[in-house]
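# An overview of the molecular structure
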Amino acid sequence: MKALFDFGFRKFVTPSIIKIVYILIMIMLAVGYISFTVLAFTESVMFGILVLFILGPLFTLIYLALARASLESLIAQIRTAENTSELVRLAGGTPPSEQQFGEVPPHPAGPTNPQVRPAAQADPTRPVNRQNPEGGQTPPENPYKQ
């Protein structure tokens, strides 16, 4: 409940209420199906039977599948954002959700080791590997590290 009033949008509220939203969608579809079936029977018995056994279940299942796919897509996007923020945090940076409003991360600095130079004819599609003085490879610099 506290996340609903987080005006900084630092925590996602959707994953905690998504089950309730899905249940409400299912209830609305069931009420719509029943009311449409009743209205169909008031028009004619044949149309009522057609809606009861064919049209109603078909439309209800299609709308339920579309609602489920939409909600799953939304949750996948939120989980991607949460995982990305965690990766930035693990790399030693400050995720955008924890930065102050309007704050821009600093521009990454240039190479700090002047002895390391890229190959003359490097492949532009492959990242440049920097050699560590001990013989191992060092990872590229983190642009989010402050």
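Notes on the structure in this doc start here. Just so it is clear, the model here is predicted, and its values are computed rather than measured. (Residues numbered from 1 in each chain as written. Predicted model: local features only at pLDDT ≥ 70, side-chain atom pairs only at ≥ 80, totals over all residues. Heavy atoms only, no water.)

### Brief notes about the pattern of salt bridges
- Scanning the entire structure with this criterion turns up 2 salt bridges.
- Across the pair Glu72 and Arg68 runs a salt bridge, and its minimum N-O distance is 2.7 Å. Of this pair, Glu72 and Arg68 are both found in helix H2 (residues 45-90), 4 residues apart, which corresponds to roughly one turn of the helix.
- Owing to a relative accessible area of 45%, Glu72 belongs among the partly exposed residues under this scheme.
- Taking the relative accessible area as the measure of exposure, Arg68 reaches 40% and is therefore partly exposed.
- With a closest N to O distance of 2.5 Å, Arg89 and Glu86 form a salt bridge. Pair noted here: Arg89 and Glu86 are both in helix H2, with a separation of 3 residues, about one helical turn.
- The class of Glu86 is partly exposed, set by a relative accessible area of 36%. (Salt bridge = Lys/Arg side-chain N within 4 Å of Asp/Glu carboxyl O. Helix = DSSP H or I, 4+ residues; strand = E, 2+ residues; numbered from the N terminus. Buried < 20%, exposed > 50% of the residue type's maximum accessible area, 1.4 Å probe, protein only.)

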